Amino acid sequence: MVDDILTAAGFIKNKTYRETQFLKPPFETYVVYTDTIERRGGDFINLTKAHDVSLEMYEYAPDPEKEAALEEQLDLLGLKYTKQPRYRIESEQLYQIIYDFSYIEKQKGA
């Protein structure tokens, strides 16, 4: 689901978004994300994945178009999300906005 959200928002996998970190960040707005997964179920069968996702968007200058595109994708999916205020990271000369959301993925099974 994270790939679908970010590519629909105009980001490119491994170029302007990536899981965990960029060793050499791009020179344009980019996203780094984490997806923490909890497996659970009943009767000794884990048929459900609970995802807790954090998207960290980094901007060299405020990029309202990318911000709006990302939020539009989250809204289209009806995801409840938390958006933290834009934060300036002086040591990196970047702005950061963090989006956090959760969703449940049900697996097919017996």
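Refer to the structure presented above.
Here's what I pulled together on the structure shown here. Since we're looking at a predicted model, the values are computed, not measured. (Residues numbered from 1 in each chain as written. Predicted model: local features only at pLDDT ≥ 70, side-chain atom pairs only at ≥ 80, totals over all residues. Heavy atoms only, no water.)

### Things to note about the nonpolar core
The nonpolar side chains of a soluble globular protein tend to be buried with one another.
Thought 1: Among the nonpolar cores identified, the biggest contains 19 residues, and Leu 6, Leu 55, Leu 70 and Phe 101 are the most heavily contacted of them.
Thought 2: Taken together, the elements giving at least two residues each to this core come down to α1 (2–8), β2 (30–42), β3 (45–59), α2 (64–76) and β6 (94–106).
Thought 3: For this core, the element with the most residues is β6, which contributes four residues.
Thought 4: Not counting the four nearest positions on each side in its chain, Leu 70 is found in contact with Ile 5, Leu 6, Ala 9, Leu 55, Met 57 and Tyr 99.
Thought 5: Counting six residues, the second largest nonpolar core, distinct from the first, contains Val 32, Tyr 58, Ile 89 and Leu 94. (Core = buried A, V, L, I, M, F, W, Y, C linked by side-chain atoms within 4.5 Å. Buried < 20%, exposed > 50% of the residue type's maximum accessible area, 1.4 Å probe, protein only. Helix = DSSP H or I, 4+ residues; strand = E, 2+ residues; numbered from the N terminus. Contact = heavy atoms within 4.5 Å.)

### A word on the side chain of Thr 16
Thought 1: Following the sequence through the fold, Thr 16 ends up in the loop between α1 and β1 (17–19).
Thought 2: Taking relative accessible area as the criterion, Thr 16 reaches 3% and is therefore assigned buried.
Thought 3: A polar side-chain atom of Thr 16 sits 2.6 Å from the main-chain amide nitrogen of Ile 12.
Thought 4: Each residue touching Thr 16, except ones within four places of it in the same chain, is listed here: Phe 11, Phe 22, Pro 26, Glu 28, Thr 29, Tyr 30 and Val 31. (Polar contact = N/O pair within 3.5 Å; in protein donor to acceptor, adjacent residues only side chain to side chain.)

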